[in-house]
Amino acid sequence: MIELRPALPLDIDALWALRTLAVRISCATHYSSEQIAVWSASPVPAGYAGLLAAGGGIVAVHDGGIAGYAMLDLDKHEVDAVFVDPAQGGLGIGKRLLAALESLAREHGMARLHFSASMNAVPFYQAAGFMALREEAYAHPSGLMLASVAMEKVLPIN
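Reading the values: rules and limits
Residues numbered from 1 in each chain as written. Predicted model: local features only at pLDDT ≥ 70, side-chain atom pairs only at ≥ 80, totals over all residues. Heavy atoms only, no water. Helix = DSSP H or I, 4+ residues; strand = E, 2+ residues; numbered from the N terminus. Buried < 20%, exposed > 50% of the residue type's maximum accessible area, 1.4 Å probe, protein only. Contact = heavy atoms within 4.5 Å. Areas by Shrake-Rupley, 256 points an atom, 1.4 Å probe, with all protein chains shown as cover. Lys, Arg positive; Asp, Glu negative; His and termini not counted. Charge placed at Lys NZ, Arg CZ, Asp CG, Glu CD. Core = buried A, V, L, I, M, F, W, Y, C linked by side-chain atoms within 4.5 Å. Phe/Tyr/Trp six-rings, centres within 6.5 Å; stacked < 30°, edge-to-face > 60°. Arc of directions from axis to C-beta. Salt bridge = Lys/Arg side-chain N within 4 Å of Asp/Glu carboxyl O. Polar contact = N/O pair within 3.5 Å; in protein donor to acceptor, adjacent residues only side chain to side chain.

Student: Any details on the overall build of the protein? Residues and values, ideally.
Tutor: Looking only at helices and strands, the protein features 5 helices and 7 strands. Written out in order from the N terminus, the α and β elements of the protein read β-α-α-α-β-β-β-α-β-α-β-β. Taken along the three principal axes of its C-alpha coordinates, the protein extends 45 × 35 × 30 Å. For the protein, the proportion of its 158 residues judged to be buried stands at 43%. If you take every contact in the protein between residues at least 6 apart in sequence, the share linking residues at least 24 apart comes to 62%. A total accessible area of about 8,000 Å² is found for the protein, and carbon and sulfur atoms account for 58% of it. In the protein, 10 positive and 15 negative side-chain charges are present, and the distance between their average locations comes to 4 Å.

Student: So what about the nonpolar core? Which residues, and what values?
Tutor: Core analysis: the largest hydrophobic core is formed by 27 residues, its most contacted members being L72, L101, L113, Y125 and M151. Within the residue set of this core, elements represented by two or more residues are β2 (57-62), β3 (65-73), β4 (78-84), α4 (93-107), β5 (112-118), α5 (122-127) and β7 (145-154). Among the elements that line this core, the one with the most residues is α4, at 6 residues. Those residues in contact with M151 that sit more than four places away from it in its chain are L113, H114, F115, A117, V122, Y125, Q126, F130, M131, A132 and L133. With 21 residues, the next largest nonpolar core counts I12, L18, Y48 and A81 among its residues.

Student: Provide a residue-level description of the packing of aromatic side chains, including the pertinent values.
Tutor: All chains considered together, the criterion is met by 7 aromatic pairs. Relative to W39, the ring of Y31 has its centre 5.1 Å away and its plane inclined at 85°; by these criteria the two rings are edge-to-face. On the basis of relative accessibility, which here comes to 7%, the residue Y31 falls in the buried class. Their ring planes at 40° and their centres at 5.8 Å tell us that Y69 and F83 sit as a pair that is tilted. Of the two residues, Y69 sits in strand β3 while F83 sits in strand β4, which places them 14 residues apart along the sequence. An identical accessibility class is assigned to Y69 and F83; each is buried. Three or more aromatic residues link up through ring pairs in this structure, and these residues are F115, F124, Y125 and F130.

Student: Please set out helix α2 (residues 33-41) residue by residue, giving values where relevant.
Tutor: Side chains of residues three or four places apart in an α-helix project in the same direction, reflecting 3.6 residues per turn. Turning to α2, its buried residues number three or more, namely Q35, I36, W39 and S40. Angularly, the buried residues of α2 cover 115° about the axis, an arc narrow enough to put them on a single face. For α2, the exposed residues set more than 90 degrees away from the buried face come down to S33, E34 and A41.

Student: So what's going on with the side chain of D85? Residues and values would help.
Tutor: Counting through the fold element by element, D85 comes out in the loop between β4 and α4. Despite its burial, D85 pairs with no opposite charge, the nearest such side chain being R24 at 12 Å. A polar contact of 2.9 Å, which involves the side chain of D85, links it to the backbone nitrogen of A87. In this structure D85 touches L18, L21 and A67, once residues within four positions along its chain are discounted.

Student: Outline the pattern of salt bridges, listing residues and values.
Tutor: A complete count under the given rule lists 4 salt bridges for this structure. The partner of R5 in a salt bridge is D11, with the nearest N and O atoms 2.8 Å apart. For D11, a relative accessible area of 5% corresponds to the buried category. E102 is the salt-bridge partner of K153, the closest N and O atoms lying 3.0 Å from each other.

Given below as structure tokens:
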């Protein structure tokens, strides 16, 4: 059984470890080993705790452990992260997290969401109704320029 709960600041280390594992495994199909090494070695962003404190994080728990998480920047109306433990892919965890983010966004009066998706994640987001706007280079905080796709979704009104 997969349970969703709010992400808490005390989860940050576990979330970042999951994110790092997901980058190393899931993104390796679309990015070079040099890019993956730098990307996965980057530290937790200073703003992570603030996003969680604002109520923008959701954790998926499966078999007693964190199986994935999603974060929404409530100020920017932007999906900040959706990561699933690669060993637990295919269980619908990412879909549930993304749906929960969309509900959270609607609760905060957002009419649309946007973000820059990694190349490996584009099909996942398209299947969830996000539209690809353009390919672009994402300036990662580590200094890397990563190929990505700007995406957005107009949120349905409940």
